Amino acid sequence: MRQDWNLLALCDRFFDAIEQKDFPTLEQCYAPEAMVWHSHDCLYQPRDANLATLRDGMTRLKKMRFKNRRVHTFEGGFVQQHTLFVTHPNDFVGQMDVCFVAFVRDGMISRAYEYFDTGQMDRFLGPRAGAA
Amino acid sequence: MSMTDGEIRELCNRFFDAYQDRRVDELADIYSSDCVVWHNVFGGREMSGKDNLAALPASYEGQRRRTYDDRIINTFEGGFVIQYTLHGVQHSGHKGALWICIVGLCSNGRITRIDEYMDSGRFPAWRGAGPAARENAS
């Protein structure tokens, strides 16, 4: 039986934790074997490396907001489409459209696939950072 | 009318088979009359299904062959999410690939909305041009 509410709750908990810079909750959303694949390099990033990337973003960026969240659950997972808005230390607000597909085991994200466009890094990082 | 998981999955495969075989007439039958297509690239604008179909013949001219492989399809109430690899053979013989995800909404046996996510940073390698392509080939 599809556990839609549990999947929806996990999805919200995961993205809310990033927004709220709640690292312990974020960590609990990932299964021990969690891997995250990204469309820009087609590589699976291990759990610890992905958490380190997220922790760095949560520490360095002033704000991270996942807006226009559209979530659908399917058997064993969910897909969320959103626009990520980040406020950089220099106050530039970057944005990026993202599609996040997650496969869930025992209430935790076991595997995730993240699709976004690196051709619009200026829009996300700011013109100067994008040119670097 | 709501669709079963099986009907949605079949519609999704029918859509990609038609896209692969360049059957624009079949695609026109699959899109609802009010279908909207959105891409995260090309300025992130929405276009009508009709305009999307009109642009296809020119789009197909870019490659000798395209195949939509490694399809991972999951269905939800009223739609699907598909992750796949688009393999293309350019007229130069260069083989490229793009990794794409589409969220599709369906109703009454037709697709009513498509949101497509890809990485335009990989377009040079797809086309066989630029440093990214050389990196891919090595």
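Everything discussed here concerns the structure shown above.
Residues numbered from 1 in each chain as written. Chains lettered and ligands numbered in written order. Predicted model: local features only at pLDDT ≥ 70, side-chain atom pairs only at ≥ 80, totals over all residues. Heavy atoms only, no water.

## Considerations on helix 1 (residues 4-19) of chain A
Residues and elements named next belong to chain A.
Then, in step 1: With 16 residues, helix 1 ought to run about 22 Å at 1.5 Å a step, and its terminal C-alpha atoms sit 23 Å apart, in line with that.
Then, in step 2: Considered for burial, the residues of helix 1 that qualify are L7, L10, C11, F14, F15, A17, I18 and E19.
Then, in step 3: One or two residues past the end of helix 1 sits K21, with phi positive at roughly 55°. (Helix = DSSP H or I, 4+ residues; strand = E, 2+ residues; numbered from the N terminus. Expected span 1.5 Å × (residues − 1). Buried < 20%, exposed > 50% of the residue type's maximum accessible area, 1.4 Å probe, protein only.)

## Thoughts on the sheet that holds strand 3 (residues 63-74) of chain A
Residues and elements named next belong to chain A.
Then, in step 1: Strand order in the open sheet formed by six strands is 2-1-6-5-4-3, and the pairing between neighbours is mixed. If you trace the sheet from one side to the other, it starts and ends with strand 2 (43-46) and strand 3, each paired once. Sheet twist, expressed as the average angle between the axes of neighbouring strands with direction ignored, equals 25°.
Then, in step 2: As paired strands, strand 1 (residues 30-38) and strand 2 are joined by four bridges and run antiparallel to one another. Each residue of the ladder has a partner; that of W37, found in strand 2, is Y44.
Then, in step 3: Relative to strand 1, helix 3 (residues 47-60) is tilted by about 75°, and along the sheet it contacts strand 1, strand 2 and strand 3. (Pairing = 2+ DSSP bridges. Axes fitted to C-alpha atoms, helices over the stretch in contact; angles between N-to-C directions. Contact = heavy atoms within 4.5 Å.)

## Brief notes about the packing of aromatic side chains
Then, in step 1: Counting across every chain of the model gives 21 aromatic pairs over all chains.
Then, in step 2: Look at F15 of chain B and Y19 of chain B: their rings are 5.3 Å apart centre to centre, the planes differ by 65°, and that puts the pair in the edge-to-face class. One end of the pair is F15 of chain B and the other is Y19 of chain B, both in helix 1 (residues 5-20) and four residues apart, which spans about a single turn. Neither residue differs from the other here; F15 of chain B and Y19 of chain B are each classed as buried.
Then, in step 3: Arranged with centres 5.7 Å apart and planes meeting at 55°, the rings of F16 of chain B and Y68 of chain B form a pair that is tilted. Highlighted residues: F16 of chain B in helix 1 and Y68 of chain B in strand 3 (residues 63-76), separated in sequence by 52 residues.
Then, in step 4: Through a chain of ring-to-ring contacts, the aromatic side chains of F15, F16, Y19, Y31, Y60, Y68 and Y84 of chain B assemble into a single cluster.
Then, in step 5: Between the NZ or CZ atom of R55 of chain A and the centre of the ring of F23 of chain A, over which it lies, the distance is 3.8 Å. (Phe/Tyr/Trp six-rings, centres within 6.5 Å; stacked < 30°, edge-to-face > 60°. Lys NZ or Arg CZ within 6 Å of the ring centre and 35° of its normal.)

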